Amino acid sequence: MVLIISFGYVVKNNREIEKYKQLTVWYENLDLEVESTKIFADFVGKTQDKLKEDYKSYFQRSGILNVPGNITKKIIVDNLSPNEGSVPWKIIKTSESINVYYDYSGVIDFNSKQWSNINETVQEQAINKNQQQKQSRNDKIFQNFTHIMLKNIGTEIIKNDDDSMATQNFNDFSKEVITYLTDDKHYWKHIPDLRINNVYIFNIDTGFLISYPFTDQGYTSEIDFKTRPWFRASNNDYSNNFFITDGFDNKSAITGIYIDINDQNTNAIRTLWYKFKDKDTDQYYILCLDIFLDKSHQIVQEENLLYLLEEPIKSGIWVYLLPLSAVMALCLSLLYEFILKPILIRLKLYDPAKDFVVTIKLQRESKNYASKDEGEITFNIKGETKAINSSEQSREAGWNLNNIIPIEISIKSYESNATEQEATFSYEFTKRYDLSMIENRPTYRCIETWRVLSESQSGKTQTIGFFVAHWNTNNSANLEKGLDIKSIYWEQDYEDNLDSLKEQLRDHLLLSEKPELVAFLERQYSRRQTIPLFLKKIDSLKTLINSSLYLQQGKIVFSEILTLAELYKEGTVKAICSLHFLKILKNKQQLKDFLDVRVAERYLIEYEQDEFRYFYDSLDDETKSKLINQSTFKIMVYQDDLENIISPQDDFCIISIRNAPKLVAYSFTDNKHSHTSLLGWISWREVDINFYDELYKCQLNKNHLIKTIQAYIEGNS
């Protein structure tokens, strides 16, 4: 029996390893194509299919469905809890204890921060808000949502009002929602640590949100829905995984990790969202499920290792296992006595006074891209130090030091077991950057700030400095000019490590988009580039990738237009080209190949009157014919009253896969390689993709006179 139970523990440990793999990819990167992400991809896919079915049945035309006449009484709009029917929840991971009501949903004003009318008093505004919130009971989508939840979740789940069952109640709710979404009552066993604590629908037009189940937990008094990650993700302004557009042109994905609006314990969650349109009202909604992983308690307690005994006992094999199990028990006992027990004793006797630094972490503080919506942005960093460092090396970026405030903090002396006061200073650095694309091409594609922390074994952290990373807008073949990293402020005790950590951050930024890096206080480290899987599958790129010197930079150099041909087949392509680039292709005898590569949109910008006409006239008849027959190739005709945001040497294309930009190919803007066969870069770096996608949108917003090539040649420019 001991042997069987021991074997059971081995099985259990293997399962725990799989769970930790799931946790790792959940918090790091769901796009990794590994075994641990397949279950998440399967769950998200099944959920998206279910939401599509619900849209077709309940939300596509809300006006034609009948709901119970008393459904409005099940929608609470005044945040007052019902007198009965409460069920206690306890979420172990966040230490939250709340009461929920499975027979009710609740409406929340999720646009409270935006409510403002200069012609109304505060009292009048409050009355108007309350009236509109009460009217939201009549929202057919809200009514249908409540009906679905009560019918499929509220009537199925066990309502146990015993406080000792609070944790189990919450886990049962997660299990019931997973069953509804997957149509499989055992599906939760594939991801036993998955938790869903909130299901809700947001009306974008009214700003009201209905959630299920109704809880006695209040929200912050001022909410701006436009800042919520799930709303930003639905507008492609926040990271997404498993993005799809279904047959009804509705969009869905799961967001990147973020902290919930009401969470005080930094519980990192993701939201699976589904954005749809009610065709009866033309209003847009977002259906959301808040999801997180929690290993602090099993989703049910029925999974018992005693099931491993059932078959061996029936078959009689346990008789032969008894001697072996005795030996195994002895081995386990010795293992505990001589190995595990000393470790546990050392842990118990651990002395915080002897704490030491084991980890150096770099964490992104802020990241702002150049765009038409940005202007001058003031960046701000704050920290504390025992002594202000004034050395030039510690302040390379030249930011303004605004405030130095002496403060005292209380610390505990482990030697005397007494509390002592220690003098320290708080500081603040600021810097303004212009990231606007409205008038001129900006100097930077993106500005990032990073905090550098030392983390001790006990979890104590200290800020040892800040970096600013400038992503420049030049397309030079000189990689050093593309990314510039400087210290904003640096602690004197760590100045010897500044250059090493700066180089590690550079490598990280050129390799990854992750907001955190675990670094080393030494120079001996290495990084391996992760190449997008679809790139590896393209035969014409394999040799180029294998021989490239720039994989560490997240991009490769290309020299043949035909190199892009197979790449373009992977998605939808939109492009901006210049006469400068066409002339290079003509000189390299690649212009005809260029015209054979099909794209969804291609624009050529004129910078002088009739310059394209002169170029066209210099071509042979075959090339002219290829040009004039291309309906997707259009000319932004020269206008002396318009300033172009894109320079005459810029040429680029953006490749979108499943409606999301994934790659950008762009030409060199300096002349370093004009005498060689090299043309430019293929990049999968997020900073390049975002910059050129925004640049493309800004240029199209210039309201140019646009003509097809045939119309241009036959008419007057």
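Residues numbered from 1 in each chain as written. Predicted model: local features only at pLDDT ≥ 70, side-chain atom pairs only at ≥ 80, totals over all residues. Heavy atoms only, no water.

Asks: Explain the packing of aromatic side chains to me, please; I cannot follow it from the model alone.
Replies: Each pair of aromatic rings is reported with the distance of its centres and the angle of its planes. Counted according to the given criterion, the structure contains 40 aromatic pairs. Ring centres 5.5 Å apart and planes at 85° place the aromatic pair phenylalanine 379 and tyrosine 433 in the edge-to-face group. Of this pair, phenylalanine 379 sits in strand E14 (residues 376-385) while tyrosine 433 is found in strand E16 (residues 418-434), placing the two residues 54 residues apart along the sequence. This pair shows no difference in class: phenylalanine 379 is buried, exactly as tyrosine 433 is. Taken together, the ring pairs connect Tyr55, Tyr58, Phe59, Phe142, Phe248, Tyr274, Phe276 and Tyr285 into an aromatic cluster. Lying across the ring of tyrosine 104, lysine 74 places its NZ or CZ 5.1 Å from the centre. (Phe/Tyr/Trp six-rings, centres within 6.5 Å; stacked < 30°, edge-to-face > 60°. Helix = DSSP H or I, 4+ residues; strand = E, 2+ residues; numbered from the N terminus. Buried < 20%, exposed > 50% of the residue type's maximum accessible area, 1.4 Å probe, protein only. Lys NZ or Arg CZ within 6 Å of the ring centre and 35° of its normal.)

Asks: Explain the sheet that holds strand E7 (residues 214-215) here, please?
Replies: Two pairing modes exist for strands in a sheet, parallel and antiparallel, and in both the strands are linked by backbone hydrogen bonds. One open sheet holds the three strands; their spatial order is E2-E3-E7, and the pairing between them is antiparallel. Looking at strand neighbours, the two that pair on one side only are strand E2 (86-91) and E7, the edges of this open sheet. (Pairing = 2+ DSSP bridges.)

Asks: How should I be thinking about the environment of asparagine 235 in this particular structure?
Replies: Its place among the elements puts asparagine 235 in the loop between helix H6 (229-234) and strand E8 (240-245). Classification of asparagine 235 as partly exposed rests on a relative accessible area of 43%. As a C-alpha pair, asparagine 235 and lysine 251 span 16 residues in sequence and 9.8 Å in three-dimensional space. Polar contacts involving the side chain of asparagine 235 include one to the main-chain carbonyl oxygen of phenylalanine 231, which spans 3.1 Å. (Polar contact = N/O pair within 3.5 Å; in protein donor to acceptor, adjacent residues only side chain to side chain.)

Asks: Help me understand the pairing of strand E17 (residues 444-456) in this model?
Replies: The element E17 is extensively covered by neighbouring structure, given that 11 of its 13 residues are classed as buried. In this sheet, strand E18 (residues 461-472) lies alongside E17 in antiparallel orientation, the contact comprising 11 bridges. Considered in E18, the bridge of threonine 449 is made with valine 468.

Asks: Honestly, the pattern of salt bridges in this entry has me stumped. Any pointers?
Replies: Opposite charge on two side chains allows them to pair when their charged atoms are near. Enumeration according to the criterion identifies 21 salt bridges in this entry. The partner of glutamate 694 in a salt bridge is lysine 372, with the nearest N and O atoms 3.8 Å apart. Of the two residues, glutamate 694 sits in helix H17 (residues 686-700) while lysine 372 sits in the loop between strand E13 (357-369) and E14, which places them 322 residues apart along the sequence. A relative accessible area of 30% means that lysine 372 is categorised as partly exposed. Between lysine 592 and glutamate 622 there is a salt bridge, and its shortest N-O distance comes to 3.0 Å. Placement of the pair is lysine 592 in helix H14 (residues 591-596) and glutamate 622 in helix H16 (residues 621-628), with a sequence separation of 30 residues. (Salt bridge = Lys/Arg side-chain N within 4 Å of Asp/Glu carboxyl O.)

Note that every value here comes from positions in space, so none of it alone points to a role or purpose.
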